[in-house]
Amino acid sequence: MKVSIVLRVTIILTICFFCEKISGLKRRIKTSKCKYTFVVNEMDTSNCPNALSPVQADKEPEKSFQVNPLLPLNVPTHVVKEENSNDVKSWLNNMEKQLYEELKKSDVINVTLSKHENSLSKAEKTLRDYETNFTAIFRMLRYLENSIQDQYTMSKNLDKKLSGVMLDVVEVNNVLSKKVTAAVDGQIQGKDIEVQSVSKVTSCSISPGIVVYRDCADVFSRHKESGVYYVTPSYAPCPIPVWCDMDTTNGGWLLILKRQNGEVDFKRLWDDYKHGFGNIVNEYYLGNDNIFLISNQRHYELRIDLWDFSGNRVYALYKTFRIDGERDNYRLSIHAYEGSARDSLKSHDRVMFSTPDRDNDEYQGYNCAREWMAGWWFNNCWYSFLTGPYYNISKVRYRGISWNDWKHEQLARVEMKIRPSRIAPTNYEIQSTNDTKGADSKNKKAEFKNEQRGN
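An account of the accompanying structure is given in this report. (Residues numbered from 1 in each chain as written. Predicted model: local features only at pLDDT ≥ 70, side-chain atom pairs only at ≥ 80, totals over all residues. Heavy atoms only, no water.)

1. Details of the nonpolar core
Item 1. Core analysis: the biggest nonpolar cluster contains 68 residues, and Leu302, Ile304, Leu386 and Trp403 have the highest contact counts within it.
Item 2. Ranked by the residues each element gives to this core, the list is headed by strand 10 (residues 313-323), at five residues.
Item 3. Ignoring any residue separated from it by four or fewer positions in sequence, one finds isoleucine 304 in contact with Val314, Tyr315, Ala316, Tyr318, Leu345, Leu386, Trp403, Val414, Glu415 and Met416. (Core = buried A, V, L, I, M, F, W, Y, C linked by side-chain atoms within 4.5 Å. Buried < 20%, exposed > 50% of the residue type's maximum accessible area, 1.4 Å probe, protein only. Helix = DSSP H or I, 4+ residues; strand = E, 2+ residues; numbered from the N terminus. Contact = heavy atoms within 4.5 Å.)

This is the structure:
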């Protein structure tokens, strides 16, 4: 009996110890012979194996039992008897093995899930990279499309410019029908020498073999004295007389406009400004045809010298200068100002020439040339006006010769002169495609008129 009780206690201790490890159950265990109390941490019994029925000492044990291979395991009541202690151990080992196998399977599943998560992360990263690449490719395609469009626009502009050059050549051929023969070498003596237009000179009564000068810069290489010389612009049939200024900085300046005493009336029409007028020795305008041929045979710069009635002198220098032919109404092109007079000609850049009988200004419904009685590159109407009426006093109500950014008064003397540029021009300076609007706002029209009336 004692041995039986000890065996039963041992089995009960083993099972309860197992339950304590699993669930920490506080439970009271009874037998029919003895009473023992075991105190453990109180826990929920749902995590323990099925509770054991009371052990009867005198109950006959069963011979064998089958262990359920599935979890949770249901413990047979007869395993608690002393005769089946080996079966309990076997059952516990079997349960441990199954738990271990489940843990291994769980580890394998966790590893597989981790691999799948890594694969998914890589796939997401690849998709993001593809999205970034597609965005970059799309932007590149847009850039290429814009570049192609720009190239197409440039090609059309070049075609237009080429057509313009061809038309200029045709225009020159129409104006000039003879080849260059010769020119007079040296200075021309005389008090009155009228302006001559290359389109009107039909014969050259000069000796062959004389040195040909294209402009005053060529003359300056042989002659250092200012005066009247004959020059032969490219494609011109005969030489024309011009005034060469050898005394101003760098020398070799060819005067295209000279105002000093008002002896020559500048209130003239289109044909006069086309062919030129006046006295080379005194006052004159060289003529738009002559200026067109000379300014397009090389790259030229423009210098404007201004004097007031007190003897003060300032100048404005533009490093590039040219005018278009009559087909384009002798459009003015200037760029890169420097000097002491401040820039009053910039608002006239890319503006066409106008006369009282040919309105090409930018003032809609208003003829600036008719209002101011002269030919000039009027916009809305002007900031500078060097061909206006001459007045022998500085304070006048309606100013003529003016340069607004220097003085709001009549000027005493003015000279416009050109020579080959000393600086290679940029593409923008050679081919300016955007018309410059000197005073493009209607709000400035009243300001123009007030300034131009000497206010």
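Having seen it, we continue.
2. Concerning the packing of aromatic side chains
Two descriptors summarise a pair of aromatic rings, namely the distance from one centre to the other and the angle between the planes of the rings.
Item 1. By the definition in use, this model includes 16 aromatic pairs.
Item 2. Considering the side-chain rings of tryptophan 376 and tryptophan 377, the 5.2 Å spacing of their centres and the 65° angle between planes classify their relative orientation as edge-to-face.
Item 3. For tryptophan 376, a relative accessible area of 1% translates into the label buried.
Item 4. Members of the aromatic cluster, each reached through a chain of ring pairs, are Phe266, Trp270, Tyr273, Phe277, Tyr285, Tyr330, Phe353, Trp376 and Trp377.
Item 5. The positively charged end of lysine 258 is found above the aromatic ring belonging to tryptophan 243, 4.1 Å away from the centroid.
Item 6. In this structure, arginine 303 packs its charged tip against the face of tyrosine 315, placed 4.3 Å from the ring centre. (Phe/Tyr/Trp six-rings, centres within 6.5 Å; stacked < 30°, edge-to-face > 60°. Lys NZ or Arg CZ within 6 Å of the ring centre and 35° of its normal.)

3. Examining the state of the cysteines
Item 1. Scanning the entire structure with this criterion turns up two disulfides.
Item 2. Across a sulfur-sulfur distance of 1.9 Å, cysteine 216 and cysteine 244 are joined as a disulfide pair. What sets the handedness of the cysteine 216 and cysteine 244 disulfide is the S-S torsion sign, and at about -75° it is left-handed. Here cysteine 216 is found in helix 3 (residues 216-220), whereas its partner cysteine 244 is found in strand 5 (residues 240-245), with 28 residues between them in sequence.
Item 3. Residue cysteine 244 is classed as buried on the basis of its relative accessible area, which comes to 0%.
Item 4. Disulfide pairing places cysteine 368 opposite cysteine 381 at an S-S distance of 2.0 Å. Around the S-S axis, the bridge from cysteine 368 to cysteine 381 shows a dihedral of about -80° and counts as left-handed. In this pair, cysteine 368 sits in helix 6 (residues 368-372) while cysteine 381 sits in the loop between helix 6 and strand 12 (384-385), placing the two residues 13 residues apart along the sequence. In terms of burial, cysteine 368 and cysteine 381 fall into one category: buried. (Disulfide = S-S within 2.5 Å.)

4. Brief notes about a nonpolar patch on the surface
Item 1. Taken together, the side chains of Leu127, Tyr130, Phe134, Ile137, Met140, Leu141, Tyr143 and Leu144 present a nonpolar region at the surface, about 900 Å² in accessible area.
Item 2. Mapped onto the fold, isoleucine 137 is located in helix 2 (residues 85-175). (Patch = residues over 30% accessible without salt bridge, like charges linked within 9 Å, V, L, I, M, F, W, Y side chains within 5 Å. Areas by Shrake-Rupley, 256 points an atom, 1.4 Å probe, with all protein chains shown as cover. Salt bridge = Lys/Arg side-chain N within 4 Å of Asp/Glu carboxyl O.)

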